[in-house]
Amino acid sequence: SGLSNIVFKNNLSDLNIDIVNSDNLVIVMNDGKNFSSNNSTALYKRYANKKLTQFVILNPESDYEPFLCKQHGKEIGFYKTKINDLINDLKIRKNNGANIEIYLSDFSVRTSIILTDTKAIVGTYRNSKGKDNTPPSYIYEKDGCEFNNIINDIEKLKKLSKKEL
C-alpha cells in the first residue's frame with residue numbers, strides 16, 4: 001500500500017516533509033486557509049522558487065459551503081470568506097511571479113491531501129465540530145500502489161473542477 005506513517009500533526013516541517021523543493025505540490029482541501037497559514041514560511045520559499053503549486057479547494061459559491069458552515073457551527077458565509085481570502089492571497093502571489101494554479105470544486109472533499117513528488121499526506125476530518133481533537137493523517141510513499149490511486153483521484157477531481165487561476 002505504501003503507508004509509512006500515521007501522524008496527528010498538520011505542520012509539515014514538524015513531520016520533515018519538504019514542500020519547498022518538490023517539483024510539484026498539490027493541496028486538496030475544503031478551504032486551505034489554515035494549512036497556508038501553518039506552512040506559510042515553506043510556501044513563500046516555494047513561491048519564490050517558481051515551482052508549480054496547485055490548490056484544489058471548495059468553490060466558495062458551491063451549495064456545499066452553507067452545509068459546511070452548519071456542520072461546523074459557523075455562520076453561513078464563514079467558509080466562503082476564508083476561501084475568498086485564500087484565493088485573493090494566491091492571486092497576489094501569482095502576480096508576483098509564483099507558479100500557482102487554483103481549481104474550484106463544487107463538492108467538499110472527504111479527506112485533505114498534500115501531494116509532493118515522493119509523498120502523499122491524506123488527512124481525515126472529524127465528523128463533529130471543533131478543533132480540540134486533531135484527526136490522524138496518513139503518509140504514503142511513492143513506491144506504494146495507494147500513491148498512484150491518490151494521484152488518480154486528484155486528477156479526476158481537477159477535471160470536475162473549475163480552473164480559477
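Just so you know, the residues in each chain are numbered from 1, in the order the chain's sequence is written. Thresholds applied to this predicted model are a pLDDT of at least 70 for local features of residues and 80 or more for the giving and counting of side-chain atom pairs; totals over whole chains, interfaces and linings are not thresholded and use all residues. Neither water nor hydrogens contribute to the side-chain values; these are computed over all heavy atoms in the structure.

### Overview of the overall build of the chain
For clarity, the threshold we go by: Put simply, DSSP marks the helices as runs of H or I at least four residues long and the strands as runs of E at least two long, and each gets a number from the N terminus on. C-alpha atoms define the radius of gyration in this analysis, and the globule rule sets the expected value at 2.2 Å times the number of residues to the power 0.38. Contacts are assigned to residue pairs with any non-hydrogen atoms lying within 4.5 Å of each other. The Shrake-Rupley method, run with a 1.4 Å probe sphere, supplies the accessible areas, and residue values consider only the shown protein chains as cover. Charge assignment: positive for Lys and Arg, negative for Asp and Glu; neither His nor the chain ends contribute. Throughout, a charge is located at the NZ atom of Lys, the CZ atom of Arg, the CG atom of Asp or the CD atom of Glu.
For the chain, the helix and strand inventory stands at five helices and eight strands. Relative to the globule expectation of 15 Å for 165 residues, the C-alpha radius of gyration of the chain, 15 Å, shows essentially globular dimensions. Taking the principal axes of the C-alpha coordinates as reference, the chain spans close to 40 × 35 × 30 Å. Of the contacts formed within the chain by residues at least 6 apart in sequence, a portion of 69% connects residues at least 24 apart. Accessible surface, the chain: about 9,000 Å² in total, of which carbon and sulfur atoms supply 46%. Considering the chain, the positive charge centre built from 24 side chains and the negative charge centre built from 20 side chains are found 2 Å apart.

### Points about the side chain of Gln54
Using the following cut-off: Distance and chemistry together define a polar contact, namely a pair of N or O atoms within 3.5 Å, with one atom able to donate a hydrogen and the other to accept it when in protein, and with adjacent residues in sequence counting only for side-chain atoms on both sides.
Here Gln54 lies in strand 3 (residues 52-58). Only 2.6 Å separates the side chain of Gln54 from the side chain of Glu101, close enough to count as a polar contact. Ignoring anything within four residues of it in the chain, the contact list for Gln54 reads Leu25, Val26, Ile27, Glu101, Tyr103 and Lys158.

### Some remarks on the confidence of the model for the chain
Convention followed: pLDDT measures how confident the predictor is about each residue, on a scale from 0 to 100.
The pLDDT averaged across the chain works out to 93; a share of 99% of its residues lies at or above 70. When pLDDT is averaged over each helix and strand of the chain, the minimum, 89, is found for helix 1 (residues 33-38) and the maximum, 98, for strand 4 (residues 100-105).

### Re the nonpolar core
Put simply, the test is: We call a set of buried residues a nonpolar core when its members are Ala, Val, Leu, Ile, Met, Phe, Trp, Tyr or Cys and they connect through side-chain atoms within 4.5 Å of each other. Partly exposed describes any residue whose relative accessible area lies between the buried limit of under 20% and the exposed limit of over 50%, with all areas from a 1.4 Å probe on protein chains only and scaled to the type maximum.
Ranked by size, the top nonpolar core spans 28 residues in total, and within it Ile27, Phe55, Ile57 and Ile114 carry the most contacts. Broken down by secondary-structure element, the contributors of at least two residues to this core are strand 2 (24-28), helix 2 (40-48), strand 3, helix 3 (64-71), helix 4 (78-95) and strand 4. If we ignore the near neighbours within four places in the chain, the residues touching Phe55 are Ile27, Ser36, Tyr47, Leu86, Leu90, Ile100, Glu101, Ile102 and Tyr103. Counting 14 residues, the second-largest nonpolar core is a separate cluster that includes Ile113, Phe147, Ile150 and Ile154.

### A short note on the pattern of salt bridges
Two side chains carrying opposite charge are able to pair once their charged atoms lie near each other. Rules: Here, a salt bridge means any Lys or Arg side-chain nitrogen found within 4 Å of an Asp or Glu carboxyl oxygen.
All chains considered together, the criterion is met by nine salt bridges. A salt bridge links Lys162 to Glu164; the nearest nitrogen and oxygen atoms lie 3.3 Å apart. What makes Lys162 partly exposed here is its relative accessible area of 47%. The partly exposed category is assigned to Glu164, whose relative accessible area is 27%. Counted as one network, the salt bridges with shared partners bring together Lys91, Lys162 and Glu164.

### Observations regarding the packing of aromatic side chains
Counted only if it meets this: Two aromatic rings, drawn from Phe, Tyr or Trp (for Trp, its six-membered ring), form a pair once their centres lie within 6.5 Å of each other, and the interplanar angle then sorts them: stacked below 30 degrees, edge-to-face above 60, tilted otherwise. Definition used: whenever NZ (Lys) or CZ (Arg) falls within 6 Å of the ring centre and also within 35 degrees of the ring normal, the charge is taken to sit over that ring.
Applying the stated rule across the entire model yields four aromatic pairs. Ring centres of Tyr64 and Phe107 lie 5.8 Å apart, and the angle between their planes is 70°; on these two criteria the pair is classed as edge-to-face. One end of the pair, Tyr64, is in helix 3; the other, Phe107, is in the loop between strand 4 and strand 5 (111-115), with 43 residues separating them in the sequence. An aromatic cluster is defined as three or more aromatic residues linked by ring pairs; in this entry it consists of Tyr64, Phe67 and Phe107. Sitting over the face of the ring of Phe78, Lys74 holds its NZ or CZ atom 4.9 Å from the ring centroid.

### Focus: the sheet that holds strand 2
Going by this rule: Strands qualify as paired when DSSP identifies two bridges or more between them. Axis definition: a line fitted to C-alpha atoms, over the contacting stretch in the case of helices. Angles run 0 to 180 degrees between N-to-C directions.
The strand order across the open sheet formed by eight strands is 1-7-6-5-2-3-4-8, and the pairing between neighbours is mixed. Two strands in the sheet have a free side with no partner beyond their single neighbour: strand 1 (3-7) and strand 8 (162-163). Sheet topology places strand 4 next to strand 8; two bridges connect them, and they run antiparallel. From the neighbouring strand, Tyr103 faces strand 8, where its bridge partner is Lys163. Where helix 5 (residues 145-160) meets the sheet, its contacts fall on strand 2, strand 3, strand 4, strand 5, strand 6 (119-124), strand 7 (137-141) and strand 8, and the angle it forms with strand 5 comes to roughly 105°.

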